[in-house]
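# Notes for the structure review
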Amino acid sequence: MCRLSLFLVFNLLFQNIHRGSGEYFQTIIVQPKSVEVPVGETVILDCSVFNQYGEVAWCKDGHCTMGRERPLYFIPRYEIIGDKQAGINSLKIRNVNLDDDGIYQCQIGRTVEAREVLSNFANLTILIPPDQISINYVPPGVVISGKEFRIKCEVLNTRPAPSFTWQTPPNTQIVNVSQETIPMTTDSKLLKSISTITLIVDTNQHGQEIKCEATHIALNKSLVSTTIIAVDYQPVVKITLKPTQMYENKEYWFECIAEARPPITELVWKTNSTILQRMSPTLDGRYSLYLNVTRQMHNQHLSCSALNSAGVTEDIVVLNINYSPEFKSFPSPYTLARLGDPLILSCIVDSNPMANILWTKNGDFVGGGNQYQIPEVHEDDYAVYACIATLGGHFTKIIASTKVHPPGPPHFYPPQRVLASKGSEVLLKCQLENDIEPISAFWIFKNSTLVNSLKYTIIPARDVKTIPRYEIGLIIHDVQTNDFGEYECHVTNQYGTEFARIRLEKRSSRLLMQLATYVCTLLLLSLILFSSYLCCHQACRAEKKRTTIRRMRRVQTWLKSKPSMWIHNLAAAEKIPLTVYDVNSGVTRTTLDPPVDIVECYIGMMDKQKNHHLNRPLLPPPPPPPMTSLFTRMPFCDDDQSEQIYETPDPTSWHIDV
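Residues numbered from 1 in each chain as written. Predicted model: local features only at pLDDT ≥ 70, side-chain atom pairs only at ≥ 80, totals over all residues. Heavy atoms only, no water.

## Describing the sheet that holds strand S44 (residues 496-506)
Sheet strands line up and pair through hydrogen bonds in the backbone, either parallel or antiparallel. Pairing is mixed across the open sheet formed by five strands, whose spatial order is S37-S44-S43-S39-S40. What marks the edges here is a single partner per strand, and that holds for strand S37 (418-420) and strand S40 (448-449). Across three bridges, S37 lies against S44 in parallel orientation. Paired with alanine 420 across the bridge in S44 is lysine 506. (Pairing = 2+ DSSP bridges. Helix = DSSP H or I, 4+ residues; strand = E, 2+ residues; numbered from the N terminus.)

Written out as structure tokens, the structure is:
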């Protein structure tokens, strides 16, 4: 310090001598320094002047209103301290607050002897610790697995800005960290500091903690705020149940499992772009689909798509459907081929799995594959060829045939004679193979060509789709005697003309009489058969009744020799009179109330015994039942109209003693 003072003294003397103006030089040898002070503390800003001639003035934020006098009576907390004669003009501020925060400067005023001198600027920063810290998601505030999201950490009412430190879960990808500091209000010196972190997480970080730590010079302990990551993720979808083998036109069960956060809002089953079913969320996350598969669905993508606010996810299976063979193309029913020309017959079959294709000639196997080729047609090659597609299993084979013949005039199907009644309307038809399309057709009757008139209506040649043939028709109105006879149907194609004869005959009335005779005969036979059935049925009932009466008479005669019957229980050694013979009526009745005809009862018991193939009227007794069983009700005889007195649960324990 002494060396510095000596250096300054010699420097000033040198400058004064050099100037030669007689002006004294004053300078600030101790500059004020920037300082940070907690609120409520006392701070001293130094300002020491060598060779001071002028008055000191302290300036704050460009306003130089302090220091003209000591002490500063108009600013009670401010005081200029130090020995003025020694050039010490330090500014002391007690109990500092936010109003004291600013930029300070020490100025020594101009005099006659010396020019003014200014100190460096000193920044007085009042330390205001933050009063709160918070952590929040930046809108939209949704954390989606695999996508960027932002979290901000805010510290309010502080000065200066704090330092932020983030702690994130392991394997979290930090994309960016930024910090922003702004005033709390427009003219406020208090600050709001915001640190924003950009992250990418996945479902493994769900439920873990993110921590924001803010450190401040005025705080001995950091402020900490935490938040739990709630990761929203797109649905996890899996088709868990699907048939291993599928056949067309059958229903199969598919099941899809979907889970997500937040829960899914909708699940959609689709084949390619066709929506099959929309389903609402279920509690167990399982979604079933019953699908009737068709051949058109083969190789289509069956997808299970789940939707939530995080996105859409789907799982796809390719449908492999077994379906029966079906011709996509096959030969026409007739194929024209000239002698010596090559011939190729082809048929394309759609099936899954691929079908076996065989070719036959007039029923004999001649080859396989999609095509059958004849390099040069000979006379014996004119035949009926068939393309047979087989798949095995429960699939039916399919056959497409074609008749190969040389080109020529029309070929007619054998015509049939036509019957018509006088005065009626009749249709004559001639049919020909549809190998070559006819060019023209006309009808001839009795050497006259027929034309459309009130008598005749000619139907031009038309292709009958249901059967592979062409058909030409002639309608004859109001048939008369002179209309019966032979009609000629002439047809021309590009290879020639051919005709067929159709005979129109009068329908005989004998046919109607024969039909009426057949109907009458059938009705008569039906009546005879029904009468025979009724007679047999009545005879059987009468014979059965006579047999029953004979049996009853034999039993009644037998009972007359017995004055009474006894029923006794072998176990209880109990004997009860069962029957009494009534001399007046000649009928043996039970002693029960009301009386029961013992003959009918006995006959019924014997019938039951006969039906069960028993040789005795009643079976041998089983082991004795307990005495309490005697009071359990079970009818002895099959008579629902009577109120029996003596009953037992086991009728075989009671015997009839005659």
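## Considering the state of the cysteines
Enumeration over the complete set of coordinates arrives at six disulfides. Each sulfur of the disulfide joining cysteine 59 and cysteine 64 lies 1.7 Å from the other. For the disulfide bridge between cysteine 59 and cysteine 64, the dihedral angle about the S-S bond is near 110 degrees, and by the sign convention the bridge is right-handed. Each sulfur in the disulfide pair cysteine 430 and cysteine 489 lies 2.1 Å from the other. Residue cysteine 430 is found in strand S38 (residues 426-433), and its partner cysteine 489 is found in strand S43 (residues 485-493); the two are separated by 59 residues along the sequence. With a relative accessible area of 2%, cysteine 430 lands in the buried category. Judged by relative accessible area, which is 0%, cysteine 489 ranks as buried. Cysteine 540 forms no disulfide, and the closest cysteine sulfur to it belongs to cysteine 536, at a distance of 6.5 Å. (Disulfide = S-S within 2.5 Å. Buried < 20%, exposed > 50% of the residue type's maximum accessible area, 1.4 Å probe, protein only.)

## Some remarks on the pairing of strand S5 (residues 56-60)
The two faces of the sheet receive side chains in turn, since in a regular strand these alternate between them. Taken across its five residues, S5 has five buried, putting it largely inside the fold. The alternating pattern of S5 places Val56, Trp58 and Lys60 on one face and Ala57 and Cys59 on the opposite face, and all of these are buried. Relative to strand S6 (residues 63-66), S5 runs antiparallel, the two being bridged by three bridges. Each bridged residue has a counterpart across the sheet, and for cysteine 59 the counterpart in S6 is cysteine 64. Connecting S5 to the next strand, S6, in antiparallel fashion are two residues, including aspartate 61 with a positive phi near 50 degrees.

## With respect to the environment of proline 331
Counting through the fold element by element, proline 331 comes out in the loop between strand S28 (321-329) and strand S29 (334-336). You can call proline 331 buried: its relative accessible area is 10%. For proline 331 and alanine 386, which are 55 residues apart along the polypeptide, the C-alpha to C-alpha distance reads 9.1 Å.

## Quick notes on the packing of aromatic side chains
Summed over all chains, the structure comprises seven aromatic pairs. Geometrically, the ring pair formed by tyrosine 247 and phenylalanine 395 is tilted, given 5.9 Å between the ring centres and 40 degrees between the ring planes. In this pair, tyrosine 247 sits in strand S21 (residues 246-247) while phenylalanine 395 sits in the loop between strand S35 (384-390) and strand S36 (398-405), placing the two residues 148 residues apart along the sequence. Given the relative accessible area of 16%, phenylalanine 395 is considered buried. A centroid spacing of 4.0 Å and a plane angle of 10 degrees characterise the contact between phenylalanine 445 and tyrosine 487, whose relative ring orientation is stacked. Pair noted here: phenylalanine 445 is in strand S39 (residues 440-445) and tyrosine 487 is in strand S43, with a separation of 42 residues, a long-range link. (Phe/Tyr/Trp six-rings, centres within 6.5 Å; stacked < 30°, edge-to-face > 60°.)

## Examining the pattern of salt bridges
Taken as a whole, this structure holds 22 salt bridges when the rule is applied. Between glutamate 79 and arginine 94 there is a salt bridge; the shortest N-O distance is 3.3 Å. Placement of the pair is glutamate 79 in strand S7 (residues 78-81) and arginine 94 in the loop between strand S8 (90-93) and strand S9 (102-108), with a sequence separation of 15 residues. Taking relative accessible area as the criterion, glutamate 79 reaches 27% and is therefore assigned partly exposed. Here glutamate 471 and lysine 429 are joined by a salt bridge, their closest N and O atoms 3.8 Å apart. Taken together, the residues span a long stretch of sequence, with glutamate 471 in strand S42 (residues 469-476) and lysine 429 in strand S38 at a distance of 42 residues. Judged by its relative accessible area of 7%, glutamate 471 is buried. (Salt bridge = Lys/Arg side-chain N within 4 Å of Asp/Glu carboxyl O.)

## Considerations on the environment of tyrosine 470
As for its placement among the helices and strands, tyrosine 470 is situated in strand S42. For the pair tyrosine 470 and asparagine 434, spaced 36 residues apart in the sequence, the C-alpha separation amounts to 5.4 Å. If sequence neighbours within four positions are ignored, tyrosine 470 has contacts with Cys430, Gln431, Leu432, Glu433, Asn434, Ile436, Glu437, Pro438, Arg462 and Asp463. (Contact = heavy atoms within 4.5 Å.)

## Quick word on the sheet that holds strand S13 (residues 143-144)
Taking strand neighbours across the sheet as the criterion, the four strands line up as S13-S20-S22-S25 in an open arrangement whose pairing is mixed. Each end of this open sheet is capped by a strand with a single partner; those strands are S13 and strand S25 (286-293). Relative to strand S22 (residues 250-261), strand S20 (residues 231-241) is paired through six bridges, and the arrangement is antiparallel. Bridge pairing links lysine 238 to isoleucine 257 in S22.

## Some details on unusual backbone geometry
For the bond running from proline 139 to proline 140, omega is 10 degrees, close enough to zero to count as cis. With respect to the helices, strands and loops of the structure, proline 140 is situated in the loop between strand S12 (132-137) and S13. Positioned with a positive phi, asparagine 95 is a non-glycine residue whose angle comes to about 50 degrees. On the secondary structure map, asparagine 95 appears in the loop between S8 and S9.

## Some words on the side chain of glutamate 248
Relative to the helices and strands, glutamate 248 resides in the loop between S21 and S22. Since its relative accessible area comes to 16%, glutamate 248 is described here as buried. Here arginine 295 takes part through its side chain, which lies 3.3 Å from a polar atom of the side chain of glutamate 248. Setting aside its immediate chain neighbours within four residues, glutamate 248 contacts Val293, Thr294, Arg295, Ile321, Asn322, Tyr323 and Ser324. (Polar contact = N/O pair within 3.5 Å; in protein donor to acceptor, adjacent residues only side chain to side chain.)

## Re the environment of cysteine 387
Mapped onto the secondary structure, cysteine 387 falls in strand S35. Here cysteine 387 falls in the buried class, since its relative accessible area comes to 0%. For the pair formed by cysteine 387 and lysine 361, sequence separation is 26 residues and the distance between their alpha carbons is 9.4 Å. The residues touching cysteine 387, leaving out its near neighbours within four places in the chain, are Phe327, Cys347, Ile357, Leu358, Trp359, Ile398, Ile399 and Ala400.

## Section: a nonpolar patch on the surface
On the surface, Leu515, Tyr518, Val519 and Leu523 cluster together into a nonpolar patch covering about 450 Å² of accessible area. By the secondary structure assignment, valine 519 is in helix H2 (residues 510-560). (Patch = residues over 30% accessible without salt bridge, like charges linked within 9 Å, V, L, I, M, F, W, Y side chains within 5 Å. Areas by Shrake-Rupley, 256 points an atom, 1.4 Å probe, with all protein chains shown as cover.)

## Notes on the confidence of the model for the protein
Across the protein, the average pLDDT comes to 81, with 79% of residues at 70 or higher. Mean pLDDT across the secondary structure elements of the protein bottoms out at strand S49 (residues 654-657), with 42, and peaks at strand S23 (residues 266-271), with 95. Contacts for the low-pLDDT stretch residues 613-622, under 50 throughout, to residues beyond four places or in other chains number 21 contacts. Confidence drops under pLDDT 50 across residues 624-658; counting only partners more than four residues distant or on other chains, this segment forms 78 contacts. (pLDDT = per-residue confidence, 0-100.)

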